[in-house]
Amino acid sequence: ILKNAYSFLSVKQKTKLIKKLKFISRKSNKSSMYKLANLLYQDKERQVRKTFCEILGKDQLFFSKYYLSKLLNDSQEEIGLKAVSSLGKMKAYSSLGKVLNQDNIKLIKAALKVLSKSNNSLTEAIILKSLNNSNSDVKILGARILAKFKSQKAVSQLAELMEDSNIAVAKVACKTLGKIG
């Protein structure tokens, strides 16, 4: 019944529905909420998925992390970036760490920028992984964040990066080691 009713809604109506998810979750059982969330996740309309990301981050519903983690892999980069932002608001750093394994450099950089706002052992460990990325821009951003954190754990990896074939990476690694002390 839910699926049939949902199929008749316009994008505008679906967007209004998403904005009322927190209220609906108080009145519905978990099974119904998962069914509705799954319909929203599978919706083909960009605006519906974008609004879904925003509300999941803002309202932090019981299924928010699950669907936002799935939306990181969305075919539309804008949706993935919105999911990164929402996961950052939720401080779901482990979920953001999974982005480092993707090929989308813009998404990786966005995740690193979100992670850079919280200097703790978990975010530091995740950012350390960025130094192993094949993309030089990712390595440079990771090194700059670790300089800001004054990360002692990064010293050995940064020392290795001083030998990187990319001169910009080697230069930033050297500067970062100087800032760490």
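Preceding this section is the structure that the text describes.
What counts, and where the lines are drawn
Residues numbered from 1 in each chain as written. Predicted model: local features only at pLDDT ≥ 70, side-chain atom pairs only at ≥ 80, totals over all residues. Heavy atoms only, no water. Buried < 20%, exposed > 50% of the residue type's maximum accessible area, 1.4 Å probe, protein only. Helix = DSSP H or I, 4+ residues; strand = E, 2+ residues; numbered from the N terminus. Arc of directions from axis to C-beta. Contact = heavy atoms within 4.5 Å. Core = buried A, V, L, I, M, F, W, Y, C linked by side-chain atoms within 4.5 Å. Polar contact = N/O pair within 3.5 Å; in protein donor to acceptor, adjacent residues only side chain to side chain. Salt bridge = Lys/Arg side-chain N within 4 Å of Asp/Glu carboxyl O. Patch = residues over 30% accessible without salt bridge, like charges linked within 9 Å, V, L, I, M, F, W, Y side chains within 5 Å. Areas by Shrake-Rupley, 256 points an atom, 1.4 Å probe, with all protein chains shown as cover. Phe/Tyr/Trp six-rings, centres within 6.5 Å; stacked < 30°, edge-to-face > 60°. Axes fitted to C-alpha atoms, helices over the stretch in contact; angles between N-to-C directions. Parallel < 35°, antiparallel > 145°, perpendicular 65-115°, else oblique. Nonpolar A, V, L, I, M, F, W, Y, C, P; charged D, E, K, R; others polar.

1. Notes on helix α2 (residues 11–19)
Taken together, the buried positions of α2 are Lys14, Thr15 and Ile18. When α2 is viewed along its axis, its buried side chains cluster within an angular range of 100 degrees and face the same direction. Opposite the packed face of α2, turned more than 90 degrees from it, sit the exposed residues Lys12, Lys16 and Lys19. Buried residues in α2 make contact with α1 (2–7), α3 (21–27), α4 (30–42) and α5 (46–59).

2. What to know about unusual backbone geometry
Of note, Gln60 is a non-glycine position whose phi angle comes to about 45 degrees, a positive value. Checked against the element boundaries, Gln60 lands in the loop between α5 and α6 (64–71).

3. A few points about the nonpolar core
Counting 56 residues, the largest nonpolar core has Leu21, Phe52, Val84 and Leu158 as the members making the most contacts within it. Look past the residues within four positions of Val84 in its chain and what remains in contact with it is Leu72, Leu96, Val99, Leu107, Ala110, Ala111 and Val114.

4. Some points on the environment of Tyr6
Locating Tyr6 in the fold gives a position in helix α1. For Tyr6 and Leu40, which are 34 residues apart along the polypeptide, the C-alpha to C-alpha distance reads 9.1 Å. Once you skip the residues sitting within four places of it in the chain, Tyr6 turns out to touch Lys14, Leu17, Leu39, Leu40, Asp43 and Val48. At 2.5 Å, the side chain of Tyr6 forms a polar contact with the side chain of Asp43.

5. Let's talk about the environment of Ser118
In this structure, Ser118 sits in the loop between α9 (105–115) and α10 (121–130). Look at Ser118 and you get buried, because its relative accessible area is 15%. Apart from the residues lying within four places of it in its own chain, the contact partners of Ser118 are Tyr93, Thr123 and Phe149.

6. Looking at the pattern of salt bridges
In total, this model carries nine salt bridges according to the counting rule given. Among the charged side chains, a salt-bridge network with shared partners connects Arg46, Lys50 and Glu78.

7. Remarks on a nonpolar patch on the surface
Together, Tyr34, Phe62 and Tyr66 make up an exposed nonpolar region whose accessible area comes to about 310 Å². Here Phe62 shows up in the loop between α5 and α6.

8. Some points on the packing of aromatic side chains
For the structure on display, the rule yields seven aromatic pairs. Judged by centre distance (5.7 Å) and plane angle (50 degrees), the rings of Tyr41 and Tyr67 are tilted. Remark: Tyr67 occurs in helix α6 and Tyr41 occurs in helix α4; sequence separation between them is 26 residues. Given the relative accessible area of 22%, Tyr41 is considered partly exposed.

9. Quick notes on the side chain of Ser151
Within the fold, Ser151 resides in the loop between α11 (136–149) and α12 (155–161). Accessibility expressed as a relative area gives 1% for Ser151, which makes it buried.

10. Side note on the packing of α4 against α5
It is the contact of α4 with α5, at a shortest axis distance of 8 Å, that shows an interaxial angle of 130 degrees. With respect to α5, the axis of α4 lies oblique. Residues Ala37, Leu40 and Tyr41 of α4 lie in contact with α5, whose contacting residues are Val48, Arg49 and Phe52. Its residues placed into classes, the contact of α4 with α5 shows five nonpolar, no polar and one charged.

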